[in-house]
Amino acid sequence: MNVSASRTMDPLSERLARLRAHRREPGWADELLTLGRELTMAEAGAVLVRGAAAWETLAPVPEQEPPPAWAALAEDAANGRVIAAAATGSQGRWCFAVAIGPAEPSG
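Structural notes, computed from the coordinates. Treat the numbers as computed from the prediction; the structure is a model and nothing was measured. (Residues numbered from 1 in each chain as written. Predicted model: local features only at pLDDT ≥ 70, side-chain atom pairs only at ≥ 80, totals over all residues. Heavy atoms only, no water.)

Section: helix 3 (residues 28–40)
(1) Moving on: Under the 1.5 Å per step criterion, the end-to-end length of helix 3 is 18 Å for 13 residues, consistent within 8% with the ideal 18 Å.
(2) Moving on: Taken together, the buried positions of helix 3 are Trp28, Ala29, Leu32, Leu33 and Leu35. For helix 3, the arc enclosing every buried residue in end-on projection is 165°, short of the 170-degree limit, so these residues lie on one face.
(3) Moving on: Phi turns positive, to about 55°, at Met41, one or two residues after helix 3. (Helix = DSSP H or I, 4+ residues; strand = E, 2+ residues; numbered from the N terminus. Expected span 1.5 Å × (residues − 1). Buried < 20%, exposed > 50% of the residue type's maximum accessible area, 1.4 Å probe, protein only. Arc of directions from axis to C-beta.)

Following this line, the structure appears as structure tokens:
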């Protein structure tokens, strides 16, 4: 049996490939947020993009200014840490930021 011929992509790889291929199309940020919540079992979340002057929210509420702590973690992740985490807010819940690359598709 030819193993490589019968190999298929797993569901996670398929979702990631779909996200890469359809970057910034309608619904993309919501799909990314859903995947992130599923993988981390998060209670809340947001997809941020670096705007001209500051971080902006793409999902769940487009063009909403993110809390300062979220923007700071996003900045840490984008500036080389790739993953940043800190306890934030009055209840000290953990917040994670992950840099996934440029928001605009290449080429």
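Observations concerning the layout of surface pockets
(1) Moving on: Here the largest pocket defines a volume of roughly 1,500 Å³.
(2) Moving on: Lining the largest pocket are 45 residues; nearest its centre among them are Ala46, Val47, Phe96, Ala97 and Val98.
(3) Moving on: Across the lining of the largest pocket, the residue classes break down as 30 nonpolar, 9 polar and 6 charged. (1 Å grid on protein atoms, 1.4 Å probe; cavity = no way out; pocket = protein on both sides within 12 Å on 5 of 7 lines; lining within 4 Å. Points joined across faces, edges and corners; volume = space filled by probe spheres on them. Nonpolar A, V, L, I, M, F, W, Y, C, P; charged D, E, K, R; others polar.)

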